[in-house]
Amino acid sequence: MLSSVASSLLRNGAASRLAVSRVAASQPRFAYFSSDSHDDFAPKRKVVEGEDEALKTIKEHVESNAIMLYMKGNPSMPMCGFSAQVVQALKEHEVDFGSVNVLDYPDIREGVKKFAEWPTIPQLYVNGEFIGGCDIITQMHESGELAELLKEAKKD
């Protein structure tokens, strides 16, 4: 089932690619919106339909982003406490990371669980390898293991 935003984008022919947010650790992100903006300037998102397409898209994300987070919400506005905890840990280490809001993409939300054989979200991948969910990331952050792992993350 598509969200009202995704349905609107489809009606307007604006669906072109899945939105992967990039978070730069060193710069805050600001967005300014105007209600009189033309539809050509609206965010363009790809509609991912079906398990095969979702798994292919997830594989592409994980391989093309040194640090990739599948979460509920986005880094500037997490929509669950677990996602917020993982984002906070990553921000404390001042690393750049890609993210996808699984609430916008139901097939990605289900596909990422199958991709990693892990039932919960958020999910963190580093250098193409599934690391874990919130509990594991929190434990690694507290023990210092996360810092070591993130240092090894390949640079863009």
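Note that the structure is a prediction, hence the values are computed from the model and not measured.

**Here we look at the overall build of the protein**
Within the protein, the secondary structure is distributed over 6 helices and 7 strands. The order of helices and strands in the protein, counted from the N terminus, is α-β-α-β-β-β-α-β-α-β-β-α-α. Long-range contacts, defined as pairs at least 24 residues apart, comprise 69% of the intrachain contacts of the protein with a sequence gap of at least 6. Of the roughly 9500 Å² of accessible surface on the protein, a fraction of 50% belongs to carbon and sulfur atoms.

**Things to note about the nonpolar core**
If you look at the biggest cluster of nonpolar residues, it comprises 20 residues, and the most contacted ones within it are Ile-67, Leu-69, Leu-90, Leu-124 and Leu-146. Residue assignment for this core shows that the elements contributing at least two residues are β2 (67–71), α3 (81–92), β6 (123–126), α5 (134–143) and α6 (145–151). Counting residues per element, this core draws most heavily on α3, which supplies 4 residues.

**Things to note about the pattern of salt bridges**
Pairing between side chains becomes possible if they bear opposite charge and their charged atoms approach one another. Counted by the stated rule, this structure contains 4 salt bridges. Put simply, Lys-59 and Glu-63 hold a salt bridge, and the shortest N to O gap is 3.3 Å. With a gap of 4 residues between them, Lys-59 and Glu-63 both fall in helix α2 (residues 51–64), about one helical turn apart. Residue Glu-148 pairs with Lys-151 through a salt bridge whose shortest N-O separation is 3.7 Å. Within this pair, Glu-148 and its partner Lys-151 are both found in helix α6, separated by 3 residues, close to a single helical turn. In this structure Glu-148 comes out as partly exposed when scored by relative accessible area, which is 45%.

**Some words on the confidence of the model for the protein**
Atom-level detail of predicted coordinates should not be read off regions where pLDDT is low. Chain-level pLDDT for the protein is 81 on average; 68% of the residues reach the 70-or-more range. Confidence drops under pLDDT 50 across residues 1–17; counting only partners more than four residues distant or on other chains, this segment forms 21 contacts. Within the model, the stretch residues 27–31 combines pLDDT values under 50 with 2 contacts to residues more than four positions away or in other chains.

**Describing a nonpolar patch on the surface**
Together, Met-77, Met-79 and Leu-103 give the surface a local cluster of nonpolar side chains, amounting to about 310 Å² of exposed area. Locating Met-77 in the fold gives a position in strand β4 (residues 77–78).

**Comments concerning the packing of α3 against α5**
Here α3 crosses α5 at 30°, and the two axes come no closer than 9 Å. What the angle tells us is that α3 and α5 run roughly parallel. With respect to the hand of their crossing, α3 and α5 are arranged in left-handed fashion. Counting all contacts with α3, which are made through Phe-82, Gln-85, Val-86, Ala-89 and Glu-92, the residues of α5 involved are Cys-134, Ile-137, Thr-138 and His-141. Of the residues in the contact of α3 with α5, the class split is 5 nonpolar, 3 polar and 1 charged.

**Quick notes on unusual backbone geometry**
A cis amide bond, omega 20°, links Ile-121 with the succeeding residue Pro-122. Looking at where Pro-122 falls in the secondary structure, it is placed in the loop between α4 (106–116) and β6. Positive phi, normally seen in glycine, also occurs at Glu-117, with a value near 55°. The residue Glu-117 is located in the loop between α4 and β6 in this model. On the accessibility criterion, Glu-117 (72% relative accessible area) is exposed. Of note, the phi angle at Asn-127 is positive, near 50°, even though the residue is not glycine. Looking at the secondary structure, you find Asn-127 in the loop between β6 and β7 (129–132). Among the residues examined, Asn-127 registers a relative accessible area of 34% and is labelled partly exposed.

What counts and how
Residues numbered from 1 in each chain as written. Predicted model: local features only at pLDDT ≥ 70, side-chain atom pairs only at ≥ 80, totals over all residues. Heavy atoms only, no water. Helix = DSSP H or I, 4+ residues; strand = E, 2+ residues; numbered from the N terminus. Contact = heavy atoms within 4.5 Å. Areas by Shrake-Rupley, 256 points an atom, 1.4 Å probe, with all protein chains shown as cover. Core = buried A, V, L, I, M, F, W, Y, C linked by side-chain atoms within 4.5 Å. Buried < 20%, exposed > 50% of the residue type's maximum accessible area, 1.4 Å probe, protein only. Salt bridge = Lys/Arg side-chain N within 4 Å of Asp/Glu carboxyl O. pLDDT = per-residue confidence, 0-100. Patch = residues over 30% accessible without salt bridge, like charges linked within 9 Å, V, L, I, M, F, W, Y side chains within 5 Å. Axes fitted to C-alpha atoms, helices over the stretch in contact; angles between N-to-C directions. Parallel < 35°, antiparallel > 145°, perpendicular 65-115°, else oblique. Left-handed = near helix turned anticlockwise from the far one by under 90°. Nonpolar A, V, L, I, M, F, W, Y, C, P; charged D, E, K, R; others polar.

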